Amino acid sequence: MTKSQNSTSHLEIASIIVKDLNNSGIKSLTKTPFLLSNLDSHVAYLVLSSPDLPPQSCLTLFNFLRQNPSPFSHKPDLKAHVTLISRLYEARKFAEIVNVLNYIANDDSLRCPVLHIVSLIEEGAHEPKFVEKLCDMLFRVYADGRMFKEATGVFHYMEKSGLMIDERSCIVFLLALKRCDEMDMCFGFFQRMVEANVEITVYSMTIVIDGLCKRGEVQRAKDLMEQMLNRGIKPNIYTYNTLINAYVKRNDFVGVNKILSSLKNDQLAYSAATYTLLMEWNGSLGKIGEVEKLFDEMRERGIEADVHVYTSLISWNCRIGNMKRAFALFDELTDKGLVANSHTYGALIDGVCKAGQMDAAEVLVKDMQSRGFDVNQVIFNTLINGFCAKGMINEALNVKAIMERKGYETDMFAYNSIASGLCKLKRYEEAKRWLFTMMERGLTPNVVNFTTLINIFSKEGNLEEANRLFKEMEKKGVRPNTVTYNTLIAGYCKNGKTKEAHKLRGEMEAMGIMPDVYTFTSLIHGECVSGKSDEAVKLFNEMKQKGLKQNQFTYTAVILGLSKEGKSDEAFRLYDEMKEAGITPDDRVYNSLVGSLHTARS
DNA sequence: TTGGTACCGC
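Residues numbered from 1 in each chain as written. Chains lettered and ligands numbered in written order. Predicted model: local features only at pLDDT ≥ 70, side-chain atom pairs only at ≥ 80, totals over all residues.

S.K.: Explain the overall build of chain A to me, please; I cannot follow it from the model alone.
M.R.: Helices and strands together make up the secondary structure of chain A, namely 35 helices and zero strands. Since a compact globule built from 602 residues should have a radius of gyration of about 25 Å, the 32 Å found for chain A marks it as more spread out than a globular shape. Within the span of chain A, comprising 602 residues, buried residues form 41% of the whole. Contacts spanning at least 24 positions in sequence make up 63% of the contacts within chain A whose residues lie at least 6 apart. (Helix = DSSP H or I, 4+ residues; strand = E, 2+ residues; numbered from the N terminus. Rg over C-alpha atoms; globule rule 2.2 N^0.38 Å. Buried ≥ 20, exposed ≤ 12 C-beta atoms within 10 Å, placed from the backbone. Contact = placed C-beta atoms within 7 Å.)

S.K.: What's the story with the protein's contact with DNA strand B in this structure? I'm lost.
M.R.: Surrounding DNA strand B, one finds 56 residues, the nearest of these being Thr206, Ala273, Gly346, Asn381 and Asn486. Partitioned by chemical class, the residues of the surface near DNA strand B number 21 nonpolar, 29 polar and six charged. (Near = placed C-beta within 6 Å. Nonpolar A, V, L, I, M, F, W, Y, C, P; charged D, E, K, R; others polar.)

S.K.: I would appreciate a short explanation of helix α31 (residues 517–529) in the present structure.
M.R.: Within an α-helix, residues lying three or four positions from one another point in the same direction, as the helix has 3.6 residues per turn. The terminal C-alpha atoms of α31, which comprises 13 residues, lie 18 Å apart, in line with the 18 Å expected from a rise of 1.5 Å per residue. Of all 13 residues that make up α31, twelve are buried, and the element is covered over most of its length. Those residues of α31 lying buried are Val517, Tyr518, Thr519, Phe520, Thr521, Ser522, Leu523, Ile524, His525, Gly526, Glu527 and Cys528. Of the surrounding secondary structure, the elements contacted by the buried residues of α31 are α29 (482–494), α30 (498–510), α32 (533–545) and α33 (552–564). Immediately beyond the C-terminal end of α31, within one or two residues, lies glycine 531, with a positive phi of roughly 75°. (Expected span 1.5 Å × (residues − 1).)

S.K.: Any chance you could explain the environment of serine 37 here in plain terms?
M.R.: Inspection of the secondary structure assignment puts serine 37 in helix α3 (residues 33–38). Here the alpha-carbon distance between serine 37 and proline 71, two residues 34 residues apart in the chain, equals 8.3 Å.

S.K.: When you look at the confidence of the model for chain A in this model, what are you seeing that I'm missing?
M.R.: One rule of thumb: low pLDDT means the predicted coordinates there are not for detailed reading. With 98% of its residues at a pLDDT of 70 or more, chain A has an overall mean of 92. Mean pLDDT across the elements of chain A ranges from a minimum in helix α1 (residues 3–24), with 82, to a maximum in helix α10 (residues 148–160), with 97. (pLDDT = per-residue confidence, 0-100.)

S.K.: Could you clarify how one ought to interpret the domain arrangement of chain A in this entry?
M.R.: By convention, interface size is frequently given as the accessible area that disappears when the constituent parts associate. Domain assignment breaks chain A into domain 1 (179–264) and domain 2 (516–602). Centre-to-centre separation of domain 1 and domain 2, based on C-alpha positions: 42 Å. (Domains from an automatic or database assignment.)

S.K.: Explain the environment of alanine 431 here, please?
M.R.: Mapped onto the secondary structure, alanine 431 falls in helix α26 (residues 428–440). Classification of alanine 431 as buried rests on a count of 25 C-beta atoms within 10 Å. Contact partners of alanine 431, with chain neighbours within four places excluded, come to Ala419, Leu422, Cys423 and Ile456.

S.K.: Got a minute to help me understand the packing of helix α13 (residues 202–214) against helix α15 (residues 237–249) in this structure?
M.R.: Two packed helices can be described by the angle between their axes and the distance between those axes. Where α13 contacts α15, the axes come no closer than 9 Å and their chain directions differ by 5°. Put simply, α13 runs roughly parallel to α15. For the pair formed by α13 and α15, the contact residues are Val202, Met205, Thr206, Ile209, Asp210 and Cys213 on the first element and Tyr238, Thr239, Thr242, Leu243, Asn245 and Ala246 on the second. Its residues placed into classes, the contact of α13 with α15 shows seven nonpolar, four polar and one charged. (Axes fitted to C-alpha atoms, helices over the stretch in contact; angles between N-to-C directions. Parallel < 35°, antiparallel > 145°, perpendicular 65-115°, else oblique.)

S.K.: Just to check I follow, could you spell out the packing of α33 against helix α35 (residues 587–598) for this structure?
M.R.: Contact pair α33 / α35: the axes reach a minimum separation of 8 Å and the direction vectors enclose 20°. Relative to α35, the element α33 lies roughly parallel. In this structure, the crossing between α33 and α35 has a hand that is left-handed. Contacts between α33 and α35 involve Thr556, Ile559, Leu560 and Ser563 on the former and, on the latter, Arg588, Val589, Ser592, Leu593, Gly595 and Ser596. Its residues assigned to classes, the contact of α33 with α35 comprises four nonpolar, five polar and one charged. (Left-handed = near helix turned anticlockwise from the far one by under 90°.)

S.K.: Explanation requested: the nonpolar core in the structure shown.
M.R.: Of all hydrophobic cores here, the largest spans 162 residues; its most connected members are Val47, Leu138, Leu348 and Val558. At eight residues, helix α9 (residues 130–144) tops the list of elements feeding residues into this core. Both of domain 1 (179–264) and domain 2 (516–602) provide at least three residues apiece to this core. (Core = buried A, V, L, I, M, F, W, Y, C linked by C-beta atoms within 7 Å.)

S.K.: What exactly am I supposed to notice about the environment of threonine 206 here?
M.R.: By the secondary structure assignment, threonine 206 is in helix α13. Threonine 206 sits in the buried class, given 24 other C-beta atoms within 10 Å. Measuring from C-alpha to C-alpha, the distance between threonine 206 and alanine 221 comes to 9.2 Å, with 15 residues separating the pair along the chain. Beyond its immediate chain neighbours, meaning those up to four positions away, threonine 206 contacts Tyr238, Thr239 and Thr242.

S.K.: In this structure, what is going on with α13? I would like to understand it.
M.R.: Across its 13 residues, α13 extends 18 Å between first and last C-alpha, which sits within 8% of the 18 Å expected from 1.5 Å per residue. The element α13 is extensively covered by neighbouring structure, given that ten of its 13 residues are classed as buried. Residues of α13 that are buried include every one of Ser204, Met205, Thr206, Ile207, Val208, Ile209, Asp210, Gly211, Leu212 and Cys213, and no others. Of the residues flanking the end of α13, it is glycine 216, one or two places downstream, whose phi is positive at about 90°.

S.K.: What is the right way to look at unusual backbone geometry in this model?
M.R.: Even without being glycine, arginine 146 reaches a positive phi, approximately 60°. By secondary structure assignment, the location of arginine 146 is in the loop between α9 and α10. In this model, asparagine 197 sits at a positive phi of 60°, which is unusual for a non-glycine residue. By the element assignment, asparagine 197 lies in the loop between α12 (183–195) and α13. Looking at asparagine 197, the number of C-beta atoms within 10 Å reads 9, which means it is exposed.

This is how it looks when you write it as structure tokens:
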């Protein structure tokens, strides 16, 4: 056969197929093996690009061929995909185009550089914005599919070809990178967006800032904000909330206040999320009164409390053991027409667990299920933690088994709860074994797992190993947080090594991680153990200057220290102060005070 | 585009 005969027959076959499809639909093809066996890639192209065949029918045929109905039929090749896309574009069937692009992206024999795809598009046969739109959609498909290299390739092509790049598509990519913890790439891509003159708004900037904050790079995040401000991009309440969150998590009092004054300067009003964060902040400082005050203030200012705000308030009441208030708030939330979510239930379940009422926890789980919420992994972990905290390891392992049957893999939260539960029972060897098992199973230990291990070694008196782990964790790029430092500081203090403890305090401050009530209580205890109650009192006063509220543990430590040295006047003064603060002294405080009266004053 | 589970103190 000559070339012209060949193409003539191709054309003939194509026109028969078009006619058949238009007359009797796809069924006609299934009954005509002759047509099917001749439907090669060229015929497919002719059919799909035929103006006589409407786009919807092109799609039907394409899907039919994709399913590869007989040994004679061809699977659509790249050209067929691209042709179909251009037909679908005529009909503005964007969702269908995304599907077809996904076929290309997920098929090893079709996936190729975008340049190749574009070269298959018929010259002049398409609308002016077609290539641009196609690239944009392909970029999103790669971003959604976490195919980062491919996505970057499309971006690069668009930039080079002078095609307009939509910020919203870049946002899809930035979010995907953030979700995969690819922050270097995320940050780098954002810089490329700037260089490529993509029209950037506060949206994409905030995503990058949040990603950097979540990784602990708060300074870099702030620098980025400054840099973008010079380009005329102003932070909004979301941006500020992101930074507030970062500073709250680091206990950076000064940092939070700086952001709050920036908010004021920019005349931005607090949002419900801002209030949630401030409530979290005060709650973590033990200032539950302030938390309730913020809740009132918010409503006075006419800002509607949403389910997050209620959940936070419920959670803090749970954490201080005020379950009555927690349940009242839960009712209030429902009365307001808000719908409790799994987080809200999680807070309540955690609360009853902490109160040691595991039966109540199971009742809440049932209630939650009856309202259509599945027990998710967080709730399972909360229950496991509840049992572990009570020392009921077997019950915890039972929940773990149920969780695994439901298809959840035991994660680092659960491993950690089990290890710390065993640690509280002084079953250190078992505790370590669980954490080591976790690592053997391929889970990468995070800052909390490391902290728990450091704590175990500290409790065993093995400070060398604790310190070695601390160094190892930093080497692995896991940033220590307040709790990590507190753990090691407590270890040193307990062993009378106050010098090292103070050194660590300086180190953490230099890292931008601020000491909290735990840090001070340990240091105070350490000074007392070393017989330096005057130093302890100094630290105690420093807390007040820093706005840190002393709690039961702090008072107990300093009163015991003073009593031991016979400084009973000072001890009694602090005892009064303690009671005024609404903290109930326990027997040890009374005993030490009585003892102080018998100790000779120096 | 922001806000929930686990780890530390007498």
